[in-house]
Amino acid sequence: MAKPVYIIGVDVGTGSARAALVNSQGEVLQTFVKPIRTWNTQPNFYEQSSEDIWSAVCECVKNVSSNYSKEEIKGIGFDATCSLVVLDTNMQPLTVCPSSLDNQRNIILWMDHRAEEEARFINDTHHKMLDYVGGSISLEMEVPKLLWLKRHMHDHVWTKVGAFFDLPDYLTFRATGIESRSICSAVCKWNYDAENRRWSADFLQSIGLADELMIDNWRLIGSRVLNPGTPIDGGLSIKAASELGLQPGTAVACSMIDAHAGALALLGCQSPNGTGDSNKLTAKMAIICGTSSCHMSLTERPVLAPGIWGPYKHAITPHLYLNEAGQSATGVLIDHVLQTHPCFGELQKKYTSNGKIYAFLNTFLHELATKRGEKSVHKLTIDLHVWPDFHGNRSPLADPNLKGMISGLTMTKDIENLALLYLSLMQALAYGTRHILQVLQASGREPITSILLCGGLSKNSLFVQTHADICSVPVLLPGEPEAVLLGSAMMGAYAAGLYDTLELAASCMAGKAIVVQPDLSESNRDYHDRKYRVFQRMYLDQRGYERLMKG
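Residues numbered from 1 in each chain as written. Predicted model: local features only at pLDDT ≥ 70, side-chain atom pairs only at ≥ 80, totals over all residues. Heavy atoms only, no water.

Asker: An account of the sheet that holds strand 9 (residues 161–166) is needed here, citing residue identities and associated values.
Answerer: A sheet is described by the order of its strands in space; here five strands give the open sequence 4-5-8-7-9, paired in antiparallel fashion. In this open sheet, the two edge strands, each paired with only one partner strand, are strand 4 (39–42) and strand 9. With respect to the sheet, helix 3 (residues 142–152) is in contact with strand 5 (45–48), strand 7 (84–88), strand 8 (107–108) and strand 9, its orientation differing from that of strand 7 by roughly 40°. (Pairing = 2+ DSSP bridges. Helix = DSSP H or I, 4+ residues; strand = E, 2+ residues; numbered from the N terminus. Contact = heavy atoms within 4.5 Å. Axes fitted to C-alpha atoms, helices over the stretch in contact; angles between N-to-C directions.)

Asker: How would you summarise the pattern of salt bridges if you had to cite specific residues and measurements?
Answerer: Applying the stated criterion across every chain, the model contains 26 salt bridges. Where Arg18 meets Asp11, a salt bridge forms, and the shortest distance between an N and an O atom there is 3.0 Å. For Arg18, a relative accessible area of 16% puts it in the buried group. Judged by relative accessible area, which is 6%, Asp11 ranks as buried. By sharing partners, the salt bridges in this structure join Glu47, Arg105, Asp112 and Arg114 into a single network. (Salt bridge = Lys/Arg side-chain N within 4 Å of Asp/Glu carboxyl O. Buried < 20%, exposed > 50% of the residue type's maximum accessible area, 1.4 Å probe, protein only.)

Asker: Could you give me a rundown of the nonpolar core, with the residues and numbers involved?
Answerer: Nonpolar side chains tend toward joint burial in soluble globular proteins. Grouped together as the largest cluster of nonpolar side chains are 95 residues, with contacts concentrated most on Leu149, Phe164 and Leu213. For this core, the leading source of residues is helix 16 (residues 483–495), giving nine residues. Excluding residues that lie within four positions of it along the chain, Leu213 makes contacts with Leu146, Trp158, Phe164, Leu204, Trp218, Arg219, Leu220 and Ile221. Counting 63 residues, the second-largest nonpolar core is a separate cluster that includes Leu347, Ala428, Val464 and Met538. (Core = buried A, V, L, I, M, F, W, Y, C linked by side-chain atoms within 4.5 Å.)

Asker: Would you mind going over helix 11 (residues 331–339) in detail, with residue names and values included?
Answerer: If you check which residues of helix 11 are buried, you get Gly331, Leu333, Ile334, Val337 and Leu338. For helix 11, the buried positions fall inside an angular range of 165° around the axis, keeping them on one side. Tucked inside the fold, the buried residues of helix 11 contact helix 12 (344–351), helix 13 (354–371) and helix 14 (415–442). (Arc of directions from axis to C-beta.)

Asker: Let's hear about empty space enclosed by the protein: which residues, and what values?
Answerer: Summed over all chains, the structure comprises four cavities of 30 Å³ or more. Roughly 70 Å³ of internal volume is contained in the largest cavity. Around the largest cavity, the lining residues are Gln327, Trp387, Pro388, Asp389, Asn393, Ser395, Pro396, Gly432, His435, Ile436 and Phe535. For the lining of the largest cavity, the residue count by class is five nonpolar, five polar and one charged. (1 Å grid on protein atoms, 1.4 Å probe; cavity = no way out; pocket = protein on both sides within 12 Å on 5 of 7 lines; lining within 4 Å. Points joined across faces, edges and corners; volume = space filled by probe spheres on them. Nonpolar A, V, L, I, M, F, W, Y, C, P; charged D, E, K, R; others polar.)

Asker: Break down the state of the cysteines for me, citing the residues and quoting the values.
Answerer: A complete count under the given rule lists zero disulfides for this structure. Cys82 supplies the cysteine sulfur nearest to Cys294, a cysteine that is in no disulfide, at a spacing of 7.3 Å. Of all cysteine sulfurs, the one in Cys289 lies closest to Cys471, which takes part in no disulfide; the gap is 12 Å. (Disulfide = S-S within 2.5 Å.)

Rendered as structure tokens:
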């Protein structure tokens, strides 16, 4: 009998590090989570510590692997948020905090919005490289943050830098000692020219960064750019192996951004009753929905869509193009709006956790619809509408300054009022997804025939059904809910040589999905068409208010 073979997937999210032990068939056998620290000492500034994160990663990996033989663990894959890690010339942490000399705070978190002016300056160049980020760079990307550091922390930081890393690449650096970069991070967050596999000196020169970054063959931002899943030379270093509790030389995969690892696992999922066309990789959209949401889809030819990032060649799998859209606040938005409602404290005392509160609200809404003689819960919000961009719009409007809007508020403070507001938020997020799909299709993309969901909100039945109904396509839920960790493990399996290609690892390890069908009745579709028009009108109204107030 063949000996069992295992892989470890590591995921560093916004609030925690996680690890999973996975077998070669894609079964997640063990998981462990460790919180990580974030500093938010002034508005729009969010910072983390690379040492704190690596320590948490080591604890997670040791925990999931402690009862297994080191020889049986053949590979490890890493994913993380697209946050900027800054190291000095000794490859030690270098502060990014303007109000502190604490070098522990050496990561600018993805959601940090300090570089708004820098992003505006870059966008005003209208450089052709901006075509690959929907025509407008986001202040959440790395190049605006680099420019901010040069402008605001030149002497304390900029002149002392030894390396800049995207957080996923920093993790593989700590694991191997090798300074490689992933094309996933480079093309999606650093404006790397994936078509020609090179950094764009012309683009960086136009914004005043090329002179420093070009030194020594782009050493500060990466001379060697690899495809995700590519094994990194030498595997785990002796030092990292000791810290992680694994065997030196264990295969280490070139990394991915966290949402992209989730997309890899989701897109590999198969509909149990689907035809070849419905299971086609390029006919699906993967949505990784947690604090924020990322909407990912692959195409064989580049699709340039306004306000939507990409097309990113090679970002997930070789030769296919990725379009990446997203919503800046989803799970955190629902939490925020409900937690500020007068009734939330009462529900929290009774149900103790957000998950249980949302389950209660789902049941409450269905009972309320039955009581009112409505066949669909959605019709309960006929006079309550939400524009959900409380933290700006990532896609497809690409405007970080947009604000949230609620139309139809009353002075009622009861549970029903809270439940209807909750439903309106769910609908608004799904209308946002519909907007993204509409822009992609108008830009020449073939129609999306199914949506795959993972993340915290995918466990909410109302969120899932609402997306199916409003977008008029089936929603698929993977049998393995830990899609992001599984995606990292797929990379580890490919790096270890267990599969010949990353695509094969994804299709063999992802498993089957549960299918949630949309309500395509004429009444339901007509209602959502009308409510979607209100949704679009709210954006135009907000622009109208802006013109009135600013002239």
